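In case you want the letters, here they are:
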Amino acid sequence: MSATTDSAARGGTRGVRTLPRVKRPGRLAAEAAALLIAVAVAFPLYWMVLSAFKPAGEIQSTDPRPWTLAPSLDSFRRVFEQQDFGRYFLNSLLVAGTVVIASALIAFLAATAVTRFRFKFRTTLLIMFLVAQMVPVEALTIPLFFLMRDFGQLNTLGSLILPHLAFSLPFAIWMLRGFVKAVPEALEEAAYIDGASRTRFLWQILFPLVFPGLVATSVFSFITTWNDFLFAKSFIISDTSQSTLPMALLVFFKPDENDWGGIMAASTVMTIPVLVFFVLVQRRLVSGLGGAVKD
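Residues numbered from 1 in each chain as written. Predicted model: local features only at pLDDT ≥ 70, side-chain atom pairs only at ≥ 80, totals over all residues. Heavy atoms only, no water.

The name given to the protein in an unreviewed UniProt entry is Carbohydrate ABC transporter permease, with Streptomyces microflavus as the source organism. UniProt, in the comment section headed Subcellular location (unreviewed entry), describes the protein in these words: "Cell membrane". (UniProt positions renumbered as here; feature names shortened; annotations may be inferred.)

Participant: Sorry, what's going on with the pattern of salt bridges here?
Facilitator: Oppositely charged side chains can pair when the atoms bearing their charge come close. Inspection of every chain in the model, using the stated rule, returns seven salt bridges. The salt bridge partner of Arg77 is Asp74, with a shortest N-O separation of 2.5 Å. Here Arg77 and its partner Asp74 are both found in helix 4 (residues 74-80), three residues apart, which amounts to about one turn of the helix. With relative accessibility at 43%, the residue Arg77 sits in the partly exposed group. Between Asp150 and Arg149 there is a salt bridge whose closest N-O contact spans 3.6 Å. Judged by its relative accessible area of 56%, Asp150 is exposed. Here the salt bridges share partners, and the residues they tie into one network are Arg116, Glu185, Glu188 and Arg198. (Salt bridge = Lys/Arg side-chain N within 4 Å of Asp/Glu carboxyl O. Helix = DSSP H or I, 4+ residues; strand = E, 2+ residues; numbered from the N terminus. Buried < 20%, exposed > 50% of the residue type's maximum accessible area, 1.4 Å probe, protein only.)

Participant: How should I be thinking about the UniProt feature "transmembrane region" (unreviewed entry) in the protein in this particular structure?
Facilitator: When the UniProt feature table is mapped onto this chain, "transmembrane region" (unreviewed entry) is found at residues 28-49, 88-113, 125-148, 160-180, 201-223 and 260-281. From the first C-alpha to the last, residues 88-113 spans 37 Å; its make-up is 100% helix and 0% strand. For residues 160-180, the helix share is 100%, the strand share is 0%, and the end-to-end C-alpha distance is 29 Å.

Participant: Before we go on, may I ask you to explain the packing of helix 5 (residues 85-116) against helix 8 (residues 158-182) in this structure?
Facilitator: Axes are the key here: two packed helices are described by the angle between their axes and the distance separating the axes. Orientation of helix 5 relative to helix 8, taken along the N-to-C sense of each, is 40°, at an axis distance of 7 Å. As far as their axial angle goes, helix 8 and helix 5 are oblique. Along this stretch, helix 5 crosses helix 8, giving a crossing that reads as right-handed. By residue class, the composition of the contact of helix 5 with helix 8 is 17 nonpolar, six polar and three charged. (Axes fitted to C-alpha atoms, helices over the stretch in contact; angles between N-to-C directions. Parallel < 35°, antiparallel > 145°, perpendicular 65-115°, else oblique. Left-handed = near helix turned anticlockwise from the far one by under 90°. Nonpolar A, V, L, I, M, F, W, Y, C, P; charged D, E, K, R; others polar.)

Participant: What exactly am I supposed to notice about the nonpolar core here?
Facilitator: Side chains of a nonpolar character, in soluble globular proteins, are inclined to be buried together. Core analysis: the biggest nonpolar cluster contains 25 residues, and Ala107, Phe108, Ile173, Leu206 and Val210 have the highest contact counts within it. Every element with two or more residues in this core is listed here: helix 5, helix 6 (122-134), helix 8 and helix 10 (198-226). Ranked by residue count, the leading element in this core is helix 8, at eight residues. Ignoring anything within four residues of it in the chain, the contact list for Phe108 reads Leu176, Leu202, Trp203, Leu206, Phe207, Val210 and Leu214. One finds Val79, Ala96, Phe222 and Met270 within the second-largest nonpolar core, a separate group that totals 23 residues. (Core = buried A, V, L, I, M, F, W, Y, C linked by side-chain atoms within 4.5 Å. Contact = heavy atoms within 4.5 Å.)

Participant: Explain unusual backbone geometry to me, please; I cannot follow it from the model alone.
Facilitator: Comment: phi is negative for the bulk of residues other than glycine, and the bulk of peptide bonds are trans. The backbone phi angle of Asn155 is positive, close to 65°, even though this residue is not glycine. Mapping Asn155 onto the fold places it in the loop between helix 7 (137-150) and helix 8. Take Asn155: its relative accessible area is 19%, and that puts it in the buried class.

This is how it looks when you write it as structure tokens:
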């Protein structure tokens, strides 16, 4: 009797069709809004790349179209034929790479210090990190100019590395503080019991655990440094060999008529390293923004 009942139940289960889930109106509205925002954000990038491939006649046309039937590489050719363009590109990579690596290491050590150790003025120091983020960069450009002049750093890449490093550290330290704090102290005690030194715990245990947070902060440091124009224009005055890639855009701004094809092509070339960097760290970035360590 029980076997018959079980078979009937199984047969009845097989006969029931699973109805598709109906999305709620609120969720549909949220997804539609997210799609519209994504399109609005992506459209300027699309137009930039499209304009880079458009012939000069289509760019200057009074009837712009969101497509082209005759793509051309003339704009990119003019960009790469510019004198010292390769040097500008390498200078940008050097400045951005130095800022990212240096800020990540210093911020990791500083975040560990303000989280694991108790010392005087610790809270005041953390508040100062927040206050430093509230000061506009434009308000500090002139004082930084005189500071770099007194240090003899004008017309050098050091005048770009040091300010960006100083502006990247407060945000990185404050963000990494949460990652270091999320690592249980019991894990540190267990490592000491097993004979691990403080240095070994710091680099072999704590560093891998907070690495997603380091990646997240490095993305912001890289984008800010890579796209910098204000400091490059203010601190690199006469030695153009020390200029960075954003300064190469000035070549295409002419008094009589701007070369919009060259501007868009150069901007597209500038965007490629940022996209490559995002692709390389996207998994770590997602876990870093969402929090990677749990008790």
